[in-house]
Amino acid sequence: MLALGESMLTLYRDRGTAPDAFAWDVCGAESNVARYCAALGLRSGWVSRLGTGMAGSLVHDVVAGSGVDTSLVELCDRSPTGLMLRDSPERGQQVEYYRRGSAASLMSPEAIPVEVCLETRALHLTGITPALSDGCRRLVEGLLREPSDALRSFDLNWRPALWPDGPPSRMFLEVANLADIVFVGLDEASEVWGHSDPAQVRAALPGPGIVVVKDDATGVHTFAGEDALFEPALRGPIVALMGAGDAFAAGFLSGVLAHPEDLKRCQRLGHVVAMSAITSELDVGPLPEKAEIDAMLDLSDDGWRELVYPGPAGPTSRN
């Protein structure tokens, strides 16, 4: 599978240390998905642009070090890699972006090999990329419109800070209806389209074969054809919510590529992977061993509802 989009160097307050201590990480919805898919055993790649400076090198090395193919990532000496500053949850989890004119914003159908990007089993895109530039918007639309056997996935990923004039509701609706699988949070659907019921979201998105509506800690509604499924979310310790949606998308997509006929298992895998993000300070947290994941996925309905996801099993920050 391939994922296309911008990733940034992130600086954030390191909890449990001095008040002025910061740690760093790499954030990017699309590369998060690619990294989780790689951790789940899929052959994964990431398409983007990075600056040639230190920030670009750090971002590249983290993504590549996660087992993701970065051969379609171009380096740009004219524009920098984006930067994100994130405060701690105790201080309101404020986020500031420094990404205007970034290397990734220069992506376009003319600059990125569209045909090569579609030579994959699945291509993952998000609503973040169209906000970066007109070229990025045309690229996303082109990748979704171009005839291809690739399964195309689109996560709304509504980010108000990227759209100062408000949500481009019509554009999002048109783009989402071009995809094969769409992921959208119920809170996002309410803000962008005014839909507060999962069935309303499905009615607005008749084009995709699968529409996944995430209802925070309650669970996930999945619509496939005439079928509607619901799977409750897992319980567990919460460290940070950053990256949870990307993690869910990666788990669900991995499930679809492995066993498309078992959407219940896909939903559960999405929940398990999402918990690995929630229980970690990092955007991409450590996954349980495969045997542990399989045991969770094989639980009865009662066993699933009673399951409490364990805490993080690996590092929680990069210093």
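Residues numbered from 1 in each chain as written. Predicted model: local features only at pLDDT ≥ 70, side-chain atom pairs only at ≥ 80, totals over all residues. Heavy atoms only, no water.

Some remarks on helix α10 (residues 290-297)
Line of reasoning, step 1. If you check which residues of α10 are buried, you get Ile293, Met296 and Leu297. For α10, the angular spread of the buried residues around the axis is 100 degrees, confining them to a single face. (Buried < 20%, exposed > 50% of the residue type's maximum accessible area, 1.4 Å probe, protein only. Helix = DSSP H or I, 4+ residues; strand = E, 2+ residues; numbered from the N terminus. Arc of directions from axis to C-beta.)

Regarding the packing of helix α1 (residues 29-39) against helix α8 (residues 244-258)
Packed helices, taken two at a time, are described by the angle between their axes plus the distance between the axes.
Line of reasoning, step 1. It is the contact of α1 with α8, at a shortest axis distance of 8 Å, that shows an interaxial angle of 45 degrees. The angle between the axes of α1 and α8 places the two elements in the oblique class. As for how α1 packs across α8, the hand of that crossing is right-handed. Contacts between α1 and α8 involve Ala29, Asn32, Val33, Tyr36 and Cys37 on the former and, on the latter, Asp246, Ala247, Ala249, Ala250, Leu253 and Ser254.
Line of reasoning, step 2. Residues that form the contact of α1 with α8 fall into these classes: 8 nonpolar, 2 polar and 1 charged. (Axes fitted to C-alpha atoms, helices over the stretch in contact; angles between N-to-C directions. Parallel < 35°, antiparallel > 145°, perpendicular 65-115°, else oblique. Left-handed = near helix turned anticlockwise from the far one by under 90°. Contact = heavy atoms within 4.5 Å. Nonpolar A, V, L, I, M, F, W, Y, C, P; charged D, E, K, R; others polar.)

Section: the nonpolar core
Within soluble globular proteins, side chains that are nonpolar generally end up buried alongside one another.
Line of reasoning, step 1. The biggest cluster of nonpolar side chains holds 51 residues, and the ones touching the most others in it are Met1, Tyr36, Phe183, Phe252 and Val272.
Line of reasoning, step 2. Not counting chain neighbours up to four residues away, the residues in contact with Met1 comprise Val33, Ala34, Cys37, Leu42, Arg43, Ser44, Gly45, Thr120, Ala122, His124 and Leu257.
Line of reasoning, step 3. Val47, Met107, Leu162 and Leu186 belong to the second largest nonpolar core, which has 40 residues in total. (Core = buried A, V, L, I, M, F, W, Y, C linked by side-chain atoms within 4.5 Å.)

A look at the packing of aromatic side chains
The relative placement of two aromatic rings is captured by the distance of their centres and the angle of their planes.
Line of reasoning, step 1. In the structure shown here, the tally under the stated rule is 5 aromatic pairs.
Line of reasoning, step 2. Relative to Phe252, the ring of Phe183 has its centre 5.6 Å away and its plane inclined at 85 degrees; by these criteria the two rings are edge-to-face. With a gap of 69 residues between them, Phe183 in strand β10 (residues 181-185) and Phe252 in helix α8 connect regions that are remote in the sequence.
Line of reasoning, step 3. A connected cluster of aromatic rings, assembled from ring pairs, spans Trp158, Trp163 and Phe172.
Line of reasoning, step 4. Cation over ring: Arg86 sits above Tyr12, and NZ or CZ is 4.7 Å from the ring centre. (Phe/Tyr/Trp six-rings, centres within 6.5 Å; stacked < 30°, edge-to-face > 60°. Lys NZ or Arg CZ within 6 Å of the ring centre and 35° of its normal.)

With respect to the sheet that holds strand β12 (residues 219-224)
Line of reasoning, step 1. Strand order across the open sheet formed by 9 strands is β5-β4-β1-β8-β9-β10-β11-β12-β13, with mixed pairing between neighbours. Both outer strands of the open sheet, β5 (73-76) and β13 (227-232), are each paired with one neighbouring strand and no more. Ignoring which end each strand starts from, the neighbouring axes of this sheet average 15 degrees apart.
Line of reasoning, step 2. α8 rests against β8 (122-126), β9 (151-155), β10, β11 (210-215) and β12 of the sheet, and its axis sits at about 155 degrees to β10.
Line of reasoning, step 3. On top of the sheet, helix α9 (residues 263-278) reaches β11, β12 and β13; it is set at about 35 degrees to β13, its chief contact. (Pairing = 2+ DSSP bridges.)

A word on the packing of α9 against α10
Line of reasoning, step 1. Relative orientation of the contacting elements α9 and α10 amounts to 130 degrees, with a least axis distance of 10 Å. As the angle between them shows, α9 and α10 are arranged oblique. Handedness of the crossing formed by α9 with α10: right-handed. Mapping the contact onto sequence places Arg265, Arg268, Leu269 and Val272 in α9 and Ile293, Asp294, Met296 and Leu297 in α10.

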